[in-house]
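# Structural overview for review
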Amino acid sequence: MRAGWALIFVGVMTAWGGPLTGQDRSNNPDDPIKVVVDRLDLERYKATIKGLTQFGDRRQGTDRNRAAVDWIDAQLRLYGCTPTERIEYVYEPPPRNPNAGRGRGNTNAAQGGGRLRGYRIPTGVNTDPMKQPDEKLRALNAQPSTPGPREEVYCTKVGSTHPEEMYIVGAHMDGHGWGEAANDDGSGTALVMELARIFSAPDVKTDRSIRFALWNNEETGLNGSRAYVDQRKDMQGKEVPPGSGKYPEPKWLGMIQHDMMLFDHGMPLPDGTMRKEQRLEADVNLEFQRSSMQAAQAQALAWELEVANEKYASDYPAAVGSHMTNTDSTPFMDLIPAISVRENERGTQIGAGWDPQWHQPTDVFATYSDADFRLGLNAAQTSLAAIAKLSGATIRRGQ
Ligand SMILES: [Zn+2]
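Criteria and cut-off values
- Sequence positions are assigned chain by chain, starting from 1 and proceeding in written order.
- Given that this is a predicted model, residues contribute local features only at a pLDDT of at least 70 and side-chain atom pairs are listed and counted only at 80 or more, while totals for whole chains, interfaces and linings are drawn from all residues.
- Neither water nor hydrogens contribute to the side-chain values; these are computed over all heavy atoms in the structure.
- Every axis in this analysis is a line fitted to C-alpha atoms, fitted for helices over the stretch in contact. Angles between the N-to-C directions lie between 0 and 180 degrees.
- A run of DSSP states H or I qualifies as a helix once it reaches four residues; a run of E qualifies as a strand once it reaches two. Both are numbered from the N-terminal end.
- Any angle from 65 to 115 degrees is called roughly perpendicular, while one under 35 is roughly parallel, one over 145 is roughly antiparallel, and all others are oblique.
- Crossings are classed by handedness, with left-handed meaning an anticlockwise turn of the near helix from the far one by less than a right angle and right-handed meaning a clockwise turn.
- Throughout, a contact is declared for two residues whenever any of their heavy atoms are within 4.5 Å.
- When residues are sorted by character, Ala, Val, Leu, Ile, Met, Phe, Trp, Tyr, Cys and Pro go into the nonpolar class, Asp, Glu, Lys and Arg into the charged class, and all the rest, Gly among them, into the polar class.
- Any cysteine sulfur atom paired with another within 2.5 Å is treated as part of a disulfide.
- The cut-offs for exposure are 20% and 50% of the maximum accessible area for each residue type, with area from a 1.4 Å probe on protein chains only; residues under the lower value are buried, those over the upper are exposed, and the others partly exposed.
- Centres within 6.5 Å are what make two rings of Phe, Tyr or Trp a pair, Trp counting through its six-membered ring; a difference in plane orientation under 30 degrees is then read as stacked, over 60 as edge-to-face, and the rest as tilted.
- The donor set comprises N, O and S atoms within 2.8 Å of the metal, extended to 3.2 Å for Na, K and Ca; water molecules are omitted, so apparent gaps in a site may simply reflect that omission.
- Only two sets of limits are used to name each site, 85 to 135 degrees for every angle of a tetrahedral four-donor site, and over 155 degrees for opposite donors with all other angles from 65 to 115 for a square planar four-donor or octahedral six-donor site, with any other site named irregular.
- Any N or O atom pair separated by 3.5 Å or less is treated as a polar contact, with the protein-specific requirement of one donor-capable and one acceptor-capable atom, and with residues adjacent in sequence counted only for side-chain atom pairs.
- In this text, buried Ala, Val, Leu, Ile, Met, Phe, Trp, Tyr and Cys residues form a nonpolar core when linked through side-chain atoms within 4.5 Å.

### Quick word on the packing of helix α8 (residues 295–312) against helix α9 (residues 370–391)
- Interaxial distance between α8 and α9 falls to 8 Å at its minimum, and their mutual angle equals 115°. In terms of axis orientation, α8 runs roughly perpendicular to α9. α8 and α9 meet at a crossing whose hand is right-handed. Of α9, the residues touching α8 (which contributes L301, E304, L305, A308, N309 and Y312) are Q381, T382, S383, A385, A386, K389 and L390.
- A breakdown of the residues in the contact of α8 with α9 according to their chemical character gives 7 nonpolar, 4 polar and 2 charged.

What follows is the structure, given as structure tokens:
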């Protein structure tokens, strides 16, 4: 009985505003997380996506893809995320599988687990140039992919007290389908670039390091992120040279991948068309993979982002799901906590045709409205806030 009374007493004290534990930090102007989230801006985010679309669909193994890597690299340096570094690898496409695209049949099983429900429309990759009505864009996308050496760029915010540990924030910069890859994955690439810009500001300090990685060759089977894992997993946490305080590959604490952030118009309608507007219930989908060896830790990371969304995202909520699949966080998922951030669940929703622009000539900047871009901005607010908290971000005063 006494314990009960004591609890009620504490509750009353809190209601009077005594202890500050219940205060909403998001309304506190001194909250460093709020300060950095407020540095995100819809027009800036859109401008970064627009900048990426000047390279067409940025298909891997082409001049337009290499030009896009150089442009991203130059932008990151402009933001002060220096030095930029590159992973080099070789991509040789596997022999064509005559059964590709077949075999799933009429099953309700979604890729990555989970069930397909409701109305569906077919999905696939457009390979027909004539389906792109814009002649200039068709010409820009005309050069075919050639096997051979590839590069992808990353830069790092070095932690001030724990430079030997880092979070990895990723998106893939390559696309295909004869459009502008504006959503897939210009939207995720721009999000990561915006975070790199904000964390690189001279007055932002973080305890732990953060690496911003723009993977290449995602669309051919996650080859760029796999190359990174293969080349660097055994370098983690090593000080090189000893005593230098430099860690070329800080220990990986988590990997957060961003892929297709803009379009949540809901399920296809019974006649196979889509709603014209972003649905009012649109959300940011945070997925971990329940069959991965780090499932429990990955789930905890997903909830960190969900909590950050509740506190700091301006418009759209976030939902956690357990079927992360087909994304650059996959090569990391048995080693470290790894999650994906998306407009929809990849397996059960995008796999059922919820994004009709996916790998199509219609994935161009002009397709999307501000309500669409705003979903991407809310995903940026979510990831930025979570990573700011996890990395121990503070703002230096008097700059
Ligand atoms: Zn993608």
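### A word on the state of the cysteines
- Counted by the stated rule, this structure contains 1 disulfide.
- Note on cysteine connectivity: C81 is disulfide-linked to C155, with sulfurs 2.2 Å apart. Measuring handedness by torsion sign, the sulfur bridge of C81 and C155 sits at about 100° and is right-handed. With C81 in the loop between α4 (63–78) and β1 (85–91) and C155 in strand β2 (residues 148–157), this pair connects stretches of sequence that are 74 residues apart. Across the pair, exposure class does not vary: C81 and C155 are buried alike.

### Things to note about the packing of aromatic side chains
- All told, the structure shown has 11 aromatic pairs when counted by the stated rule.
- Between Y154 and Y228 the ring centres are 6.0 Å apart and the planes differ by 85°, which places this aromatic pair in the edge-to-face class. Linking Y154 in strand β2 with Y228 in helix α7 (residues 223–232), this pair joins segments that are 74 residues apart in sequence. With respect to class, Y154 is no different from Y228; both count as buried.
- Of the aromatic side chains, those joined through ring pairs into one cluster are Y154, W215, Y228, W252 and F332.

### Re the packing of helix α6 (residues 182–199) against α9
- With their axes 10 Å apart at the nearest point, α6 and α9 run at an angle of 45° to one another. By the angle between their directions, the pair α6 and α9 is classed as oblique. At the point where α6 passes α9, the crossing takes the right-handed sense. Residues L191, L195, I198 and F199 of α6 form the contact with α9, whose participating residues are G376, A379, A380, S383, L384, I387, A388 and S391.

### A few points about the coordination of the zinc ion
- Only H172 (NE2), D184 (OD), D259 (OD) and D259 (OD) from the protein reach the zinc ion as donors, at distances of 2.0 to 2.6 Å.
- One can describe the donor arrangement at the zinc ion as irregular, given that its 4 donor atoms subtend angles of 53 to 147° at the metal.
- Each donor residue of the zinc ion belongs to the same chain, and together they define the spacing H-x11-D-x74-D. Of this pair, D184 sits in helix α6 while D259 is found in the loop between β6 (251–258) and β7 (284–287), placing the two residues 75 residues apart along the sequence.
- Taking relative accessible area as the criterion, D184 reaches 3% and is therefore assigned buried.

### Some remarks on the environment of I387
- Considering the arrangement of structural elements, one finds I387 in helix α9.
- Counting along the chain gives 345 residues from I387 to L42, while the straight-line C-alpha distance between them is 20 Å.
- For I387, the contacting residues outside a window of four places in its chain are V169, L195, F199, I210 and I256.

### Things to note about the environment of D355
- Along the chain, D355 turns up in the loop between β9 (338–342) and α9.
- Distance from D355 to T123, taken between C-alpha atoms, is 8.7 Å for residues 232 residues apart in sequence.
- At a separation of 3.0 Å, a polar atom in the side chain of D355 contacts the side chain of N183.

### Concerning the nonpolar core
- By size, the foremost hydrophobic cluster in this structure holds 72 residues, and its most contacted members are I72, L76, L195, F199 and F212.
- At 11 residues, α9 tops the list of elements feeding residues into this core.
- In this structure, F212 is in contact with C81, V153, Y154, C155, K157, V169, V192, L195, A196 and F199, ignoring residues within four places of it in sequence.
- Listed in part, the 18 residues of the second largest apolar core include M166, W252, M255 and I336.

### What about unusual backbone geometry?
- Note the cis peptide between D184 and D185, where omega equals 5°.
- Note on placement: D185 falls in helix α6.
- Cis geometry is adopted by the peptide bond preceding P241, which originates at V240 and carries an omega value of -15°.
- The residue P241 is located in the loop between α7 and β6 in this model.

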